[in-house]
Amino acid sequence: MQNNKGLNTICTHVGEVEDKEFKGAISPLYMSSSYAFDDVETKRYPRYFNTPNQEALCKKVAALEHVEAGLIFGSGMAAVSTTLLAFLRAGDHVVLQNALYGGTFNLVNEEFDKYGIEYSFTNGLKPDDFESKIKKNTKVIYVETPSNPLLKITDLNAVVAIAKRHGLISMIDNTFASPVNQNPADFGIDIIIHSATKYMGGHSDICAGAVASTRENINRIFHLAKNFGGSLSDQTVWLLERSMKTMGIRVKEQNKNAQRMAEFLFDHDDIAAVYYPGLPSHPDHELAKSQMRGFGGMLSFELNEAFDASLFQKSLQLIKPSMSLAGVESTMLSPTKTSHSLMQPEERERQGIKDGLIRFSVGIEEPEDLISDINQALEKVRLTVRSTTH
Ligand SMILES: *Cc1c(COP(=O)(O)O)cnc(C)c1O
């Protein structure tokens, strides 16, 4: 199967393992942790990231991200940590954007000193915020767009230009967009990282990670990966392949639903603010349009000041409270209580993450049902505001 096929064809077919024996429709699952070693070219072993099912799924990830090669990990953080450390050594410096997934921030903040790796977080997401942090020993520039939880957009063309000018490796966490909505390699970003726990898995039942890049970069990451040992069980690799067959149709539906939810919330009198790159009112709307095919299934919003955000979330009946995101089911959470609870309050405030902010991972349910759930929860919250003001 060629890589130059359309999105849903890649999702469905690229990389599939042919069932030569029984001609079954899907990839057979190879659970062996021990393979014959007479063929010295291919020493197969799960921790060498080269079982038949791992290799198959890597091809799908690579095709989806428009690059030569991929690697599947046991978690998104295994992918992030291995990739960063494959390109950084003691004495090197990395520039990372300040609005960053909490786990990645913790990795850098809690571990990098031990390895003698220097790091700087930007003050914002404008090109100058990155360029001003670059030092003589900077080797890597690391971005994440759209960002969590405010859906801010980083300019990929600008990041690539900075990376080229200073001879840096550029890396992106492309989890929130998914390859359905954004292909950073098309803009010249070197290495693309995913928490496959999110849109690639899509059903809140898999923890996995993925990296996509040139064959040369993937080989370099692989050399560290086999020593760190963060490979994914073949059973889960197989399940992830199955999930990714529907990623295109899932995410496109989530794009549509999120746009609808964002517009509904934006027009609602009880809502103070909505953050979604698909809204013309979003400060980065034009930038998002220039580098994304769809605006994604994530948004966040604030209720009117007088309203109790916790009570609102407790009153939801269909939309679940959930730590994670990107499943086919809609979920909400308070970043200050969960994903961003470890961040200093001053830093949260600097990034514009208010206490009442609610992050909404929009699923594939009928939008009318989501709207009535939000409306009935708002009704309950409104009643308590009225009763406490008496
Ligand atoms: C969840 C997430 C990660 C980490 O992935 P895990 O699979 O939980 O290790 C990294 N980046 C982003 C943007 C995420 O949402």
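Heads up: the structure comes first, above all this text.
Let me begin by describing the structure that accompanies this report. (Residues numbered from 1 in each chain as written. Predicted model: local features only at pLDDT ≥ 70, side-chain atom pairs only at ≥ 80, totals over all residues. Heavy atoms only, no water.)

## A word on the state of the cysteines
Using the criterion set out here, one finds 0 disulfides in the structure. Cysteine Cys-11 shares no disulfide, and the gap to the nearest cysteine sulfur, in Cys-58, comes to 16 Å. With a relative accessible area of 0%, Cys-11 lands in the buried category. (Disulfide = S-S within 2.5 Å. Buried < 20%, exposed > 50% of the residue type's maximum accessible area, 1.4 Å probe, protein only.)

## Description of the pattern of salt bridges
All told, the structure shown has 12 salt bridges when counted by the stated rule. Taking the shortest distance from any N to any O, the salt bridge between Asp-270 and Arg-382 comes out at 2.7 Å. Taken together, the residues Asp-270 in the loop between α10 (247-266) and β8 (271-275) and Arg-382 in helix α14 (residues 367-389) connect sequence positions 112 residues apart. Between Glu-286 and Lys-289 there is a salt bridge, and its shortest N-O distance comes to 3.6 Å. With a gap of 3 residues between them, Glu-286 and Lys-289 both fall in helix α11 (residues 285-291), about one helical turn apart. A residue is classified by how much of its surface remains accessible, and Lys-289, at 47% relative accessible area, is partly exposed. Via salt bridges that share partners, Asp-270, Glu-379 and Arg-382 belong to a single interconnected network. (Salt bridge = Lys/Arg side-chain N within 4 Å of Asp/Glu carboxyl O. Helix = DSSP H or I, 4+ residues; strand = E, 2+ residues; numbered from the N terminus.)

## Digging into the sheet that holds strand β4 (residues 138-144)
Read across the sheet, 7 strands follow the order β1-β7-β6-β5-β4-β2-β3 without closing on themselves; strand pairing throughout is mixed. The strands lining the two open edges of the sheet, one partner per strand, are β1 (69-73) and β3 (118-121). Going across the sheet, the axis of each strand differs from the next one's by a mean of 20 degrees, ignoring polarity. Across 3 bridges, strand β5 (residues 169-173) lies against strand β6 (residues 191-195) in parallel orientation. Residue pairing for β6: Ile-172 is matched across the bridge by Ile-192. (Pairing = 2+ DSSP bridges. Axes fitted to C-alpha atoms, helices over the stretch in contact; angles between N-to-C directions.)

## Observations concerning the side chain of Thr-175
Within the fold, Thr-175 resides in the loop between β5 and α7 (178-181). For Thr-175, the residues in contact, after removing those within four places along its chain, are Ile-193, His-194, Ser-195, Lys-198 and Tyr-199. (Contact = heavy atoms within 4.5 Å.)

## Re the site of the ligand
Within the structure, the ligand sits among 13 residues, and Gly-76, Met-77, Asp-173, Thr-197 and Lys-198 are positioned closest to it. Separating an oxygen atom of the ligand from a backbone N or O atom of Met-77 is a distance of 2.8 Å. Between the ligand and the protein, one listed contact pairs a nitrogen atom with a side-chain N or O atom of Asp-173 at 2.6 Å. Bound to the protein, the ligand loses 92% of the 380 Å² it would expose on its own. (Near = heavy atom within 4 Å. Polar contact = N/O pair within 3.5 Å; in protein donor to acceptor, adjacent residues only side chain to side chain. Areas by Shrake-Rupley, 256 points an atom, 1.4 Å probe, with all protein chains shown as cover.)

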